[in-house]
Structures are given as C-alpha cells and as structure tokens.
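# Secondary and tertiary structure notes
Now for the letters of each chain:
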Amino acid sequence: MNVEKIMVIGAGQMGSGIAQVCATAGYKVILNDLKQEFVERGFAVIQQNLSRQVSKERMTSEEMEAILGNITASTDLNDAGQVDLVIEAAVENMKVKTDLFKQLDEIAPAHAILASNTSSLPITEIAAATNRPEKVIGMHFMNPVPVMKLVEIIRGLATVDEVYKTIEEITIRLGKVPVEVNDFPGFVSNRILMPMINEAIYTLYEGVATKEAIDEVMKLGMNHPMGPLTLADFIGLDTCLYIMETLHEGFGDDKYRPCPLLRKYVSAGWLGKKSGRGFYIYE
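As recorded by an unreviewed UniProt entry, the protein carries the name 3-hydroxybutyryl-CoA dehydrogenase and is attributed to Anoxybacillus andreesenii. The UniProt entry for the protein carries the following text under Pathway (unreviewed entry): "Lipid metabolism; butanoate metabolism." For the protein, the Sequence similarities (unreviewed entry) comment in UniProt is given as "Belongs to the 3-hydroxyacyl-CoA dehydrogenase family."

Have a look at this one:
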C-alpha cells in the first residue's frame, strides 16, 4: 500500500510532533485542527524545534525550509479526501474519537488507512464507528514525538496484515521503532506506567514522603530520568486520570482505582505543567 500524503488531526503537542517527523521523512502532511490559531501554534512549535536543529548544525536552513514546505495548514476535515493515511491525535475521549472516525470514514478515500494515536482506548471500538474496520489501526507515539523512538502499533480485531505492514514500514521510515501490541486497555506502555504514577500519588496522599523525596527515590534508586510526579505533571493530570479510569473500567480491577488526590487536583484545575500548577508550581 503506497502512502504519500498524510493528514494529522490535532495540532497540539502530540499532533505537531507527529506532523514534524512525517514531514521530515519526506511525506506531504496536512496539519488539521478546529481553529486556525491552533494550527498556527502547532506550526510555530515545529518551526522552533527545527530552528534548534539548525543552530546545533544537525540540519541546514535549506533542509528546514524543505520540511516546513511539506506541511499544509487545514481547519477543514474535508481535506482528508485527498490523503492516503490519517493519524488522529485529538483529545483522549472515546466519543470525540468515534465521532471523528465516523466522519473520516465518509470523507477519506476508500484505500486510506485511519490510525489513532490514542494512548489507552480500544482500537476495536474506534474501528466499529467506521465501515472499514480492517483499515483502522493504533499508532501510539511517545512524547516528545521528535525525540522518542517507540511507536506502539495496535491491531483492532479486524485490522488486516497489509495495513499493519504498511504502518510498520512508515514507522521505520520515520526513524522510529515499531512494537506490535494487542488491543487491551492502556496497551503496554500506559498499563505499566500509569499504575506506577498512580501509586506514587497514593504514596504522597498517605504521607509516606514528600513529592520531592518520592521523585528522588525513583530517579536515584530506579535510574528514571524524571520522577513519577514530575512526569505526571508533564503528561497532564487530567490525561493520567482519564487513562486510569479507562484501565479501571476496562479491567474491572480495583488495583487500577485512581487515587483520590489525583481526582482532587484535576477538579481544582491543577493539571500539571500546561495549567501552571500540578504537583509542582510552574512559572
């Protein structure tokens, strides 16, 4: 299956990163979001990332301009009518994703693959919103996308081998490492990571240690690059809560019960770095 043109839906942190690596690999990319200002913000982040590479002499100005030239801005979902692959990186919410995939199914060409960058939601359920479940797949990038090598590739119940193979080849072309994962809540990455973060929050909630001490133990004792509470702030506490709820509901096991302190912070609007306050305060 030949893929030349890709639409990335969602110009936030993940979407702009995905658009950047696709454009760098030589694909023509349409970066789509609901509002022009969102797309412009995403494009500015890509420009900033590439400028940094130029200043470090890892690429030339000409190479940067060529990459930026591969990206087209869009606020119209109908632009999906001209692509071979859609990578959805919208908000982590099942209703939003199924509504989106239903629309994309009607707009995108019959041969087009529909991929989701969901970090925890079932691909099979997303695929069921379309009339092409065999062409729906999970393509879960890690944050920050330009730096992190892993892409979890998740087959839905109906995903065919040809589609899997195409996405695997694209992932390699992007300079990433594809890992095949079955369609279970949280896949592998978040099924292991989120309960660890949740347990760190319980440790703080129960007064076992301060937030600084908990992070220091995991950094120095387990050689983690950042502590779990700092990482939670970086991911977004609302996202952490949503994934824990997905795991809890999906498995029906109380070991995935979100910590009450996590719920309280989210209710207070303390969502981490993006809101200026989470477990830590950000200027």
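### Comments concerning unusual backbone geometry
The peptide bond linking Asn 143 to Pro 144 adopts the cis configuration, its omega dihedral lying at 0°. One can find Pro 144 in the loop between β6 (136-141) and β7 (150-155). Although it is not a glycine, Phe 187 adopts a positive phi angle of roughly 55°. Within the element layout of this structure, Phe 187 appears in the loop between β8 (177-181) and α7 (189-205). One non-glycine residue with positive phi stands out, namely Asn 223, at about 65°. Mapping Asn 223 onto the fold places it in the loop between α8 (211-222) and α9 (228-235). Residue Asn 223 is classed as exposed on the basis of its relative accessible area of 68%.

### Section: the sheet that holds β7
The eight strands lie next to each other as β3-β2-β1-β4-β5-β6-β7-β8, forming an open sheet whose pairing is mixed. Looking at strand neighbours, the two that pair on one side only are β3 (71-74) and β8, the edges of this open sheet. Within the sheet, the average angular offset between the axes of one strand and its neighbour, ignoring direction, is 25°.

### Topic: the packing of α9 against helix α10 (residues 237-251)
Close contact between α9 and α10 brings their axes to 6 Å; oriented N to C, the two are set at 100°. One element, α9, and the other, α10, form an angle in the roughly perpendicular class. In contact with Ala 232, Asp 233 and Ile 235 of α9, α10 contributes Leu 237, Thr 239 and Cys 240. Looking at side-chain class alone, the contact of α9 with α10 contains four nonpolar, one polar and one charged residues.

### Description of the side chain of Asn 70
Position of Asn 70 relative to the elements: it lies in the loop between α3 (61-69) and β3. Looking at Asn 70, the relative accessible area reads 11%, which means it is buried. Discounting chain neighbours no more than four positions away, the residues touching Asn 70 are Ala 23, Gly 26, Tyr 27, Lys 28 and Val 29.

### Digging into the packing of aromatic side chains
For the coordinates displayed, the defined rule picks out four aromatic pairs. Ring centres of Tyr 202 and Tyr 205 lie 6.2 Å apart, and the angle between their planes is 70°; on these two criteria the pair is classed as edge-to-face. Residue Tyr 202 and its partner Tyr 205 are located together in helix α7, separated by three residues, close to a single helical turn. Given the relative accessible area of 11%, Tyr 202 is considered buried. Among the residues examined, Tyr 205 registers a relative accessible area of 45% and is labelled partly exposed. Residues Tyr 265 and Phe 279 carry aromatic rings whose centres are separated by 5.0 Å and whose planes lie at 35° to one another, so their mutual orientation is tilted. A residue pair is termed long-range when its members are at least 10 positions apart, and Tyr 265 in helix α11 (residues 260-267) and Phe 279 in the segment after α11 qualify at 14 residues.

The rules behind each value
- The written sequence of each chain sets the order in which its residues are numbered from 1.
- Whole-chain, interface and lining totals are the exception, using all residues; otherwise, since this is a predicted model, local features are given only for residues with pLDDT of at least 70 and side-chain atom pairs are given and counted only at 80 or more.
- Side-chain numbers here rest on the full set of heavy atoms in the structure, without hydrogens or water.
- UniProt positions are given in the numbering used here, feature names are shortened, and annotations may be inferred rather than shown by experiment.
- Secondary structure is summarised from DSSP: a helix means a run of H or I of at least four residues, a strand means a run of E of at least two, and numbering begins at the N terminus for each.
- Buried means the residue's accessible area, taken with a 1.4 Å probe over protein chains only, is under 20% of the maximum for its type, while exposed means over 50%, and partly exposed covers the values in between.
- Strands qualify as paired when DSSP identifies two bridges or more between them.
- Lines fitted to C-alpha atoms define the axes, with helix axes restricted to the stretch in contact, and inter-axis angles between N-to-C directions lie between 0 and 180 degrees.
- Note that the term roughly parallel is reserved for angles under 35 degrees, roughly antiparallel for angles over 145, roughly perpendicular for angles of 65 to 115, and oblique for everything else.
- Working rule for contacts: check all heavy atoms of both residues, and any pair within 4.5 Å makes them a contact.
- Throughout this entry, Asp, Glu, Lys and Arg are counted as charged residues, while Ala, Val, Leu, Ile, Met, Phe, Trp, Tyr, Cys and Pro are counted as nonpolar. The remaining residues, Gly among them, count as polar.
- Ring pairs shown here join Phe, Tyr and Trp side chains whose ring centres sit within 6.5 Å, with only the six-membered ring taken for Trp; geometry is labelled stacked below 30 degrees between planes, edge-to-face above 60, and tilted in between.

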